[in-house]
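Residue-level structure breakdown
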Amino acid sequence: MPPRTERLILRQLTVEDRPALNAMLQDPRTMTAYEGPFSEAEVTEWLDRQFDRYRDDGHGLWAVVLRQTGALIGQCGVSWQDIDGRHVLEVGYLFNRARWGQGYATEAARASRDWAFTELRADEVFAQVRDTNIASMNVAIRLGMTIRSQFVKRYRGVDMPHNAFAIDRAAWTVQVARESVPDPSR
Ligand SMILES: CC(C)(COP(=O)(O)OP(=O)(O)OC[C@H]1O[C@@H](n2cnc3c(N)ncnc32)[C@H](O)[C@@H]1OP(=O)(O)O)[C@@H](O)C(=O)NCCC(=O)NCCS
């Protein structure tokens, strides 16, 4: 079962989620790091890839739903990726632009990170982030991740410098204890 948090429910995506997915994947600003919005065919391919991951691995990018309203506000989850020559578990996140700036991505990504360590017994969890994507790097840093390497990824015909962020099990144990202390600024 995908994880749940105080404000969010993570669950598998379905074909009924297509309008909410289009709203994210076809929004030019949201898709800046992916070199522009997706066509209908690219959204279909994206969704089919998640269905393949659910079938083959038992996990992938999940839908992130607001507990309070049931609205699908983003995608987040754990998938296998080849990062800088290694086959590793990655936490991915992509949210509807109207929902940025409220801590939802960090909340969902923390739960996904924890899920990878507890359910999959991961030794290390990664996040690959294009080096221009500050908001995404900030999420990785809030997860307690640090930069392990830099590499160039070719995607949609463009060479994109990326940072490989990661956290290992020992650092995660410390990080989880740190996160359990309430933040007085919130
Ligand atoms: C990456 C992405 C998910 C980050 O979204 P985000 O809204 O910046 O991240 P969060 O949801 O964790 O929100 C953090 C912000 O909410 C604020 N916030 C407000 N209420 C909060 C709360 N209750 N708890 C935590 N943070 C809160 C934080 O202070 C922070 O603000 P800041 O950006 O001014 O520092 C978003 O930019 C996105 O979807 N981008 C497009 C897709 C993409 O590039 N994905 C990554 C590919 S590697």
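The following paragraphs examine the structure supplied in this document.

**Describing the overall build of the protein chain**
The helix and strand inventory of the protein chain stands at five helices and seven strands. Counting from the amino terminus, the protein chain carries its helices and strands in the arrangement β-α-α-β-β-β-α-β-α-β-β-α. Here the C-alpha radius of gyration of the protein chain, 16 Å, is about what a compact globule of 186 residues would show, namely 16 Å. Considered along the principal axes of its C-alpha atoms, the protein chain spans approximately 45 × 40 × 35 Å. For the protein chain, the accessible surface area stands at approximately 9,700 Å², while carbon and sulfur atoms represent 51% of it.

**Points about the side chain of Gln 175**
Within the fold, Gln 175 resides in helix α5 (residues 169-179). Judged by its relative accessible area of 8%, Gln 175 falls in the buried class. Apart from residues lying up to four places away in sequence, Gln 175 is in contact with Arg 113, Arg 142, Leu 143, Gly 144 and Ile 167.

**A look at the site of the ligand**
Residues in close proximity to the ligand total 20 residues, the closest being Phe 95, Gly 101, Ala 105, Thr 106 and Asn 133. A distance of 2.6 Å is found between an oxygen atom of the ligand and a backbone nitrogen or oxygen belonging to Gly 101. The contact in question runs from an oxygen atom of the ligand to an N or O atom on the side chain of Asn 133, over 2.8 Å. Here the ligand has 960 Å² of accessible area as a free molecule, and 72% of this is covered by the chains. Considering each element in turn, the shell around the ligand owes the most residues, four residues, to helix α4 (residues 134-142). Each residue belonging to the shell around the ligand can be placed in one class, and the counts come to nine nonpolar, eight polar and three charged.

**Here we look at the pairing of strand β3 (residues 72-83)**
Taking burial as the measure, the 12 residues of β3 include 10 buried ones, the bulk of the element. Here strand β2 (residues 61-66) folds back onto β3 in antiparallel fashion, the turn holding five residues, of which Gly 70 has a positive phi close to 80°. The pairing of β3 with strand β4 (residues 86-95) spans 10 bridges and is antiparallel. What sits directly across from Gln 75, in β4, is Leu 94. What sits between the antiparallel neighbours β3 and β4 is a turn of two residues, in which Asp 84 has the positive phi angle 50°.

So, how was this worked out
Residues numbered from 1 in each chain as written. Predicted model: local features only at pLDDT ≥ 70, side-chain atom pairs only at ≥ 80, totals over all residues. Heavy atoms only, no water. Helix = DSSP H or I, 4+ residues; strand = E, 2+ residues; numbered from the N terminus. Rg over C-alpha atoms; globule rule 2.2 N^0.38 Å. Areas by Shrake-Rupley, 256 points an atom, 1.4 Å probe, with all protein chains shown as cover. Buried < 20%, exposed > 50% of the residue type's maximum accessible area, 1.4 Å probe, protein only. Contact = heavy atoms within 4.5 Å. Near = heavy atom within 4 Å. Polar contact = N/O pair within 3.5 Å; in protein donor to acceptor, adjacent residues only side chain to side chain. Nonpolar A, V, L, I, M, F, W, Y, C, P; charged D, E, K, R; others polar. Pairing = 2+ DSSP bridges.

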